[in-house]
Amino acid sequence: MLKERILSAFLRNTSGNPCLPGSWLRPKGCIYASTVAPGVRDIPEPKRVSPTEDFYNKNKRLNRPMSPHLTIYKYQITSTLSISHRITGVAQSAALSGFAIAAMTLPGMYPMYLETLNNLALGPAIIGGVKFVIALPFMYHLCAGMRHLVWDSGRGFTLQTVYRSGYAVIAASLLLSVAAACV
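Residues numbered from 1 in each chain as written. Predicted model: local features only at pLDDT ≥ 70, side-chain atom pairs only at ≥ 80, totals over all residues. Heavy atoms only, no water.

J.: Would you mind showing me how to read the packing of aromatic side chains here?
T.: Within a pair of aromatic rings, the relevant descriptors are the distance that separates the centres and the angle that separates the planes. In total, this model carries three aromatic pairs according to the counting rule given. Plain terms: the ring middles of Phe55 and Tyr56 are 5.2 Å apart, the flat faces sit at 80 degrees to each other, and that makes the pair edge-to-face. Residue Phe55 is classed as exposed on the basis of its relative accessible area of 55%. Residue classification places Tyr56 among the exposed positions, given a relative accessible area of 53%. Their ring planes at 80 degrees and their centres at 6.5 Å tell us that Phe99 and Tyr110 sit as a pair that is edge-to-face. With Phe99 in helix 3 (residues 77-105) and Tyr110 in helix 4 (residues 110-119), the pair connects residues that are eleven residues apart, well separated along the chain. (Phe/Tyr/Trp six-rings, centres within 6.5 Å; stacked < 30°, edge-to-face > 60°. Buried < 20%, exposed > 50% of the residue type's maximum accessible area, 1.4 Å probe, protein only. Helix = DSSP H or I, 4+ residues; strand = E, 2+ residues; numbered from the N terminus.)

Here it is in structure tokens:
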């Protein structure tokens with residue numbers, strides 16, 4: 001009984017289309033998988049690489065560069081400013097976290113450490129320089145963030161404006177850092 005059901009299902013599936021592979025009689029008009037339609041050209045088979053040649057040796061043989069790599073790109077101030085904005089953001093986050101952890105775990109209070117720093121008798125040039133170095137990442141990140149806020153409004157995307165605003169960010173961050181160091 002099972003054999004009869006399988007045979008009747010097979011005949012039902014193949015009897016409607018005599019060109020199917022399961023059909024017993026195939027007329028001459030059937031198109032088989034091996035034939036190519038007229039006007040369609042065969043796609044050449046890709047060149048096989050020897051099994052012993054690995055990825056790096058193949059790229060070396062074909063003189064392909066190890067791309068992408070920073071050495072293939074031309075220096076641009078825009079990419080430098082973008083990377084610097086990210087680095088200063090991470091540095092500020094790490095510094096703030098470190099200062100908070102130090103304030104919670106170190107013995108003594110902040111005025112004690114400030115008094116110790118005053119007792120070192122460092123000159124005003126050294127103290128001003130240290131204040132400038134500390135203020136510069138904060139001021140740069142502030143100015144670059146304001147530049148990004150302008151970009152978020154949809155303005156300032158012409159190449160000339162991008163470069164002009166980049167130089168303005170550098171100048172403003174230097175001026176603000178000097179002002180913060182003088183306080």
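J.: Help me understand the side chain of Ser173, please; the structure alone is not making it clear to me.
T.: Examined against the element boundaries, Ser173 turns out to sit in helix 6 (residues 159-182). Classification of Ser173 as buried rests on a relative accessible area of 3%. With residues up to four places along the chain from it excluded, the contact list for Ser173 reads Leu136, Met139, Tyr140 and Cys143. (Contact = heavy atoms within 4.5 Å.)

J.: Please explain helix 3 as it appears in this structure.
T.: An α-helical turn contains 3.6 residues, so any two residues separated by three or four positions project in the same direction. The end-to-end C-alpha distance of helix 3 is 41 Å, a good match for the 42 Å that 29 residues give at a rise of 1.5 Å each. Within helix 3, the full set of buried residues consists of Ile77, Leu81, His85, Thr88 and Gln92. Check the buried side of helix 3 and you find it contacts helix 5 (124-152) and helix 6. (Expected span 1.5 Å × (residues − 1).)

J.: I'm lost on the nonpolar core in this one. Help?
T.: Looking at soluble globular proteins, one finds that nonpolar side chains tend to be buried together. Ranked by size, the top nonpolar core spans six residues in total: Ile77, Leu81, Tyr140, Cys143, Ala144 and Val169. Of all the secondary structure elements, the ones that give two or more residues to this core are helix 3 and helix 5. Take this core: its biggest share by element is three residues, from helix 5. Setting aside its immediate chain neighbours within four residues, Cys143 contacts Val169, Ala172, Ser173 and Leu176. (Core = buried A, V, L, I, M, F, W, Y, C linked by side-chain atoms within 4.5 Å.)

J.: When you look at the side chain of Ser177 in this model, what are you seeing that I'm missing?
T.: Position of Ser177 relative to the elements: it lies in helix 6. Within polar-contact distance, the side chain of Ser177 engages the backbone nitrogen of Leu136 at 3.5 Å. Excluding its chain neighbours within four sequence positions, the residues that come into contact with Ser177 are Phe132, Ala135, Leu136 and Met139. (Polar contact = N/O pair within 3.5 Å; in protein donor to acceptor, adjacent residues only side chain to side chain.)

J.: Can you walk me through the UniProt feature "transmembrane region" (unreviewed entry) in the chain in this structure?
T.: The feature "transmembrane region" (unreviewed entry), as annotated in UniProt, sits at residues 94-114, 120-140 and 161-181 in this numbering. Secondary structure within residues 120-140 divides into 81% helix and 0% strand; the distance between the first and last C-alpha atoms comes to 29 Å. For residues 161-181, the end-to-end C-alpha separation is 30 Å, with 100% helix and 0% strand making up the annotated structure. (UniProt positions renumbered as here; feature names shortened; annotations may be inferred.)

J.: It is not clear to me how the packing of helix 5 against helix 6 should be interpreted in this structure. Could you clarify?
T.: Across the interface, helix 5 lies against helix 6 with an axial gap of 7 Å and an inter-helix angle of 145 degrees. Here helix 5 runs over helix 6; the crossing is right-handed. Where helix 5 approaches helix 6, its residues Gly128, Lys131, Phe132, Ala135, Leu136, Met139, Tyr140, Cys143, Ala144, Arg147 and Trp151 are matched on the opposing element by Val162, Ser165, Gly166, Val169, Ala172, Ser173, Leu174, Leu176, Ser177, Val178, Ala180 and Ala181. By residue class, the composition of the contact of helix 5 with helix 6 is 16 nonpolar, five polar and two charged. (Axes fitted to C-alpha atoms, helices over the stretch in contact; angles between N-to-C directions. Left-handed = near helix turned anticlockwise from the far one by under 90°. Nonpolar A, V, L, I, M, F, W, Y, C, P; charged D, E, K, R; others polar.)

J.: Any chance you could explain the environment of Gly89 here in plain terms?
T.: Residue placement: Gly89 occurs in helix 3. With relative accessibility at 24%, the residue Gly89 sits in the partly exposed group. Distance from Gly89 to Tyr140, taken between C-alpha atoms, is 9.6 Å for residues 51 residues apart in sequence.

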